[in-house]
Structure formats: structure tokens, C-alpha cells
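Per-entry structural report
Now for the letters of each chain:
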Amino acid sequence: MKHFVGTFLLILSFTQIFAADFTCNGVRYLTLSDSYPYTVEVLQANNSNLGTDIIIPDTVIYDNIAYAVKAIGVQAFYGNTTVERITLPITINRLEDNSFGNCSALTVVNFPDSLRYIGENAFINCNNLQSPTFNNLIDTIDGGAFENCTSIQVLTLPESILYIGKKAFKGCTSLNTVYNNMIRCEYMGNIDNGIEAVFKNCPAFVHLFFHDEMERIPDAAFSGCENLSMVVLPAHLREIGQQSFYECTSLEVVTGGDSTEFIDDEAFKGCTALNTITDFYYLQYLGNDAFSSCQSLTRFYLSNLLDTIHIRSFYECSSLTEISIPNHIVCIESAAFLNCTGLEQLTLSESLQTIDIESFLNCTSLDSIVIPRSVELIRSRAFYNCQSAQFLSLGARVSEIESDAFSSYDSNAFQHIVLLTATPPTLSSQYCWGGISHDVVITVPCGSMPAYAAAPFWDEFTNFTENCDAIDDNEMDDVQIYTANGNIVVTGLESGEVEIYDLSGRIIAHEMMQNCGQNEISIPTSGVYIVVIDRKTARKVFVL
């Protein structure tokens, strides 16, 4: 028992020695080390008697021992409303949580080269603090560090920073320019719909500059920067993180970043003013909601390296007028283009396999729809209420159409439907064509009219016609159709018939191909045309 008490007293005595505090020139210090090298942190300096200018020395003497001052402790200056200028020594490496919080008169603090860490809420509510100048070795600015520092106007973030916590500069209402030199930053705020964004409620923030060597913009980095109007992406950028520019509602132009490979989920979601964006030629991944609700976006280049357009990627991009799905894309996921009410021209990938639920729902301006022969299944409501579409062609491998896939509020939609499969696709219900007139012209392959007339739900239609002399669609694998110099060019066709229609169904040109070389067909005016080869394969082209 005596041994236990003795041990307890020894530990207590050691703790008291190790954590001793003392006062020097009105500032309290706390010892951090009681052996060489001796170090202390500032424990308390919120006494108004310390004056307006406070200089923290690099060394203080206590009990004949020289202690190096290494940190400003938790709440050390908190609430000191008198101090205006603080000079920190070159020995300081940490500013702990709330170390200068609510120092409302503070205007200037130097950040010595030794500083590595600025803690949570370190300068919160220091509303007179001028633009800080960080050293090139600091690696952490923690959450809320400069929240509500309303006098900061310009911010330069050095390349050494690895971590910026949530709301670090929230409420810096005078901040207008950020020079973002960070090239290794791994974390920058929370992904929480912009609620805890680093620059939340910074209404004056309009100018943003990046270091050219930056490869990744961290998640939520500039989320909620509501007045940011233009962004020039760095030359070596590879990835734009989740919610990087979420709800930057004044962002109009994004340029640069040609080497970008990944645009993550919700990266530009809610950028309602965005109308111009760079062509990402090397883009390999486009995340969920990447450009959702970008209501001013008129065009977007889809890279040939993409294989999927993910959920709601362009949801409610109501000003998007045309989109060309490149041939490497095999899947358009649900609601990818939902409510793109301005979309007029759509070219689908020849490799496309899946058109998912509601992919093009409410694309009310689409003029025609050509489903390529690679598609087998058209999911529920995929083209629901595409009420302006007059022409529809379904590829030879479509085998199933789900409920409301082509339903419309307008009975005048789809005046001409061409089916390239002799076997009627399975209709999951009578509502696959809900609202469509039953006397629309439906053209089917030669000899298949009886099968369509007898098939469930197809039998409700009354105006079938047949196209004969069709060839096997598999023979079209090497055929390419494109435009050049105002003409439509067909290559790779050994022989066969080529018919070209405008969107009203009027035939514009009719040619017989005699060799597998390059055949150019002259078109009278620019516009959108349907190219039908041997009355079997239909493709849509845009002639400029």
C-alpha cells in the first residue's frame, strides 16, 4: 500500500513539474517539455493591459531555464478586444484552436516560416484582420480557422497546404481573389451540399487562380462560391473532385484543364449560369449529377474515352440543344438527360446497349429519335413526353420496350415509326405508347406485318406498312456515315440502296452504291437528315 501511494505521489509530482505554468511580462506560459530542448506555449494573453501591440519572444526565461516558445495555446488570446498587432517569433509551429478567436481589433499577424498548423477557429470573428500572408511550409488550416474574418480581401494559398478544414474561410464577405497555389492538397472541406464549404458565404469572391501543376481540385473546394464568375483550370489538372464548384450560381465560363480525366459527382451541380465550358478531350469519367441543373449550358463535348453517362449527369440542363453520344459509350444511366427541354438534336452511340429509366424524359424539343441496332432494351419512361419528336427508328436488336418508354402528352408525337426487327419487340404494357395515336404510320420489315398485327399491344395500331428487300443488319458493321463539306458521306458499303429523308419524312436523295469506297451524296441545305441503308439501318446526321 505504501508503495502504491508513493508511486501515485511520484506521478503527480512529475506531472506538476512537466506542466508548470508561469507568467512573464504579463503573458502566461505553459511548459511543454521539462528536459532539453525546453519548450513552452502561450497559455493566456487576453488581458487588455497588454496593450495594442504584442510581441511574443522566441525565448522566455523561467527558473534560470531558457524555454523556446513553440505554440500559441488553446484560447490563449481569445476575446482580447484591445490587441491590434501581434508579432510571432520564428520558433512558433502551431496556433491551437481558438487561439485568437474574437480578437475584434486585431488587424495584423505575421506567420513565421516555422508555422505548420493553424487550428480550428483560430481567428474566428477577427473581423478587422487583414489579408494574411502564409509561409511556404504551412500544411494545415483547420476548420473555421478564418471564419467571419470580414476584412480579408486577397488570399494566397501556398503549394505546401495538404488540408483545409470545413468552413475555414466561411463568411469572409470581403474576400474577392484567391490565388490557389496548392498542388498536393488532399482535403478541402466537407461534402455536404455546400453547407460546410470552405468559402461558404463569401459573396465578393469573384477571381480564382490555380497553380499550373495542380492535378486535383479537392472535394467541395469552392462549393457555394455564389459570385465566382470565371474559372481557368490548371494545365495539368487530372481530376475535379466531388462538389468542387457546387452551386457556384454566378459561374459562367470554365476554360483550360484540357487534360482532365475525371469529373466527380456533383462537381458543377447547380451552376445555373454556366454557359461555356472547355472540351475535355481526355475525359474518362463523368459522375452522377456532374452538371445537374446547369440551366444555361448550351453544349458539352463528350469524350471518346467515356463508356457511361451516369445518373442525372445533365439533369435539367434546359438550354442544352444538341448532344452527340460517342461510339464508345455503352450505357446511358437513369435520368441522365431528364428535363433537358431545349434538346433538339440527339445522336446515339452505335455501341450503346442500355438506355435506362427516364434517360430522356421530358426532352420536349427532340425532333427525332434513332435507336441504334446495338440496343436491346429500352427502359421505362426513357423517352417519356418527347412530344415534338415526329420520327422514331428502332434498331434491329430491340427486343423489349418497358412501360411508358415513348408515352406522350401530345397525340401528334411520332407520326412515323420505323422498326428494323422482324420480330415484334415485347411491350411490357399497353402504356408503352401511352397517348400516341393508333393510326401513326409504322413501317416494319418485309413479311413481318402479320406478326406485328397479332402481337400483344402492337395489335392496337392500325396503320402498318412494309419495307422489303432488306439485308441482314450485321452486314453494316463496316459502314460509316458522316458529313463533310455539306455532303453526306457513306463508306464501307459494298453495294446497296441509300435513302435520305428530312424530318418531315420527305425523301431528299436516293442513291445506289456500287463499291465499298467513299460515296458522297449532295444535300441541298444544312439541317438534320435520316440516312436509311437498304431500308434496314437508319442513322441521323447533322449537315452544317
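In this text the structure is predicted, and so the values were computed from the model without any measurement. (Residues numbered from 1 in each chain as written. Predicted model: local features only at pLDDT ≥ 70, side-chain atom pairs only at ≥ 80, totals over all residues. Heavy atoms only, no water.)

Some thoughts on the nonpolar core
- In this structure, Phe123, Phe199, Phe245 and Phe291 are the most contacted members of the largest nonpolar core, which totals 135 residues.
- Per element, the largest residue contribution to this core is three residues, and it comes from strand S6 (residues 65-72).
- Sequence-distant contacts of phenylalanine 123, defined by excluding residues within four places in its chain, comprise Leu95, Phe100, Leu106, Val109, Phe111, Ile118, Leu129, Ala145, Phe146, Glu147 and Cys149.
- Grouped together as the second largest cluster of nonpolar side chains are 14 residues, Ile488, Ala509, Met513 and Ile521 included. (Core = buried A, V, L, I, M, F, W, Y, C linked by side-chain atoms within 4.5 Å. Buried < 20%, exposed > 50% of the residue type's maximum accessible area, 1.4 Å probe, protein only. Helix = DSSP H or I, 4+ residues; strand = E, 2+ residues; numbered from the N terminus. Contact = heavy atoms within 4.5 Å.)

Considerations on the pattern of salt bridges
- Scanning all chains against the criterion turns up twelve salt bridges.
- Residues arginine 94 and glutamate 96 are paired through a salt bridge, measuring 2.8 Å at the closest nitrogen-oxygen approach.
- With a closest N to O distance of 2.8 Å, aspartate 289 and arginine 312 form a salt bridge. Placement of aspartate 289 in the loop between strand S23 (285-286) and strand S24 (308-309) and of arginine 312 in the loop between S24 and strand S25 (322-324) is noted, with a sequence separation of 23 residues between them.
- According to the relative accessible area criterion, aspartate 289 is buried, its value standing at 4%.
- On the basis of relative accessible area, arginine 312 is assigned to the partly exposed category, the value being 32%.
- What emerges from the salt-bridge pattern is a single network uniting Arg216, Asp219, Glu239 and Asp264. (Salt bridge = Lys/Arg side-chain N within 4 Å of Asp/Glu carboxyl O.)

A short note on the environment of alanine 396
- In this fold, alanine 396 is placed in the loop between strand S31 (391-394) and strand S32 (400-401).
- You can call alanine 396 buried: its relative accessible area is 19%.
- Sequence separation between alanine 396 and proline 445 is 49 residues; the distance between their C-alpha atoms is 9.6 Å.

Some thoughts on the sheet that holds strand S30 (residues 377-378)
- With parallel pairing, the six strands of this open sheet are ordered in space as S24-S26-S28-S30-S32-S34. In the strand order of this sheet, the two ends are held by S24 and strand S34 (426-427), each with one partner.
- Bridging between S32 and S34 involves two bridges; their strand directions are parallel. Across the sheet, isoleucine 401 pairs through a bridge with leucine 427, a residue of S34. (Pairing = 2+ DSSP bridges.)

Regarding the pairing of strand S33 (residues 416-419)
- As paired strands, S31 and S33 are joined by four bridges and run parallel to one another. Residue pairing in the sheet places phenylalanine 391 in a bridge with histidine 416 of S33.
- Examined bridge by bridge, S33 and strand S35 (residues 441-445) share three bridges and lie parallel to one another. Residue pairing in the sheet places isoleucine 417 in a bridge with isoleucine 442 of S35.

Regarding the environment of phenylalanine 414
- You can see phenylalanine 414 is positioned in the loop between S32 and S33.
- Owing to a relative accessible area of 0%, phenylalanine 414 belongs among the buried residues under this scheme.
- Sequence separation between phenylalanine 414 and tryptophan 433 is 19 residues, and the spatial gap between their C-alpha atoms is 9.8 Å.
- In this view, phenylalanine 414 contacts Ile369, Cys386, Ala389, Gln390, Phe391, Leu392, Phe406, Ile436 and Val440; residues no more than four positions away in its chain are not counted.

Observations concerning the confidence of the model for the protein
- In this model, the protein carries an average pLDDT of 88, and 90% of its residues clear a pLDDT of 70 or more.
- Between residues 1-17, whose pLDDT stays under 50, and residues either more than four places distant or in other chains, the model counts three contacts. (pLDDT = per-residue confidence, 0-100.)

Remarks on unusual backbone geometry
- Of note, the amide linkage connecting tyrosine 36 to proline 37 takes the cis form, showing an omega dihedral of -5°.
- Mapped onto the secondary structure, proline 37 falls in the loop between strand S2 (27-33) and strand S3 (39-44).
- Even without being a glycine, arginine 381 presents a positive backbone phi close to 60°.
- Its place among the elements puts arginine 381 in the loop between S30 and S31.
- A residue is classified by how much of its surface remains accessible, and arginine 381, at 26% relative accessible area, is partly exposed.

Section: the sheet that holds S35
- Across the sheet, which stays open at both edges, the five strands sit in the order S29-S31-S33-S35-S36 with parallel pairing between neighbours. Each having just a single partner strand, strand S29 (368-371) and strand S36 (464-467) make up the two edges of the open sheet. Each strand axis lies, on average, 15° off the axis of its neighbour in the sheet, ignoring direction. (Axes fitted to C-alpha atoms, helices over the stretch in contact; angles between N-to-C directions.)

Topic: the packing of aromatic side chains
- Considering all chains together, one arrives at 40 aromatic pairs under this definition.
- Pairing phenylalanine 245 with phenylalanine 268 gives two aromatic rings, centres 5.3 Å apart and planes at 10°, and the pair type is stacked. With a gap of 23 residues between them, phenylalanine 245 in the loop between strand S19 (239-240) and strand S20 (253-256) and phenylalanine 268 in the loop between strand S21 (262-263) and strand S22 (276-277) connect regions that are remote in the sequence. Both residues of the pair, phenylalanine 245 and phenylalanine 268, count as buried.
- Taken together, a centroid distance of 5.5 Å and an interplanar angle of 0° make the contact between phenylalanine 383 and phenylalanine 406 stacked. Taken together, the positions of phenylalanine 383 in the loop between S30 and S31 and phenylalanine 406 in the loop between S32 and S33 put the pair 23 residues apart, joining distant regions of the chain. Of the two residues, phenylalanine 383 and phenylalanine 406, neither departs from the other in class, the shared state being buried.
- Taking NZ or CZ as reference, arginine 94 lies 4.0 Å from the ring centre of tyrosine 117, over its face. (Phe/Tyr/Trp six-rings, centres within 6.5 Å; stacked < 30°, edge-to-face > 60°. Lys NZ or Arg CZ within 6 Å of the ring centre and 35° of its normal.)

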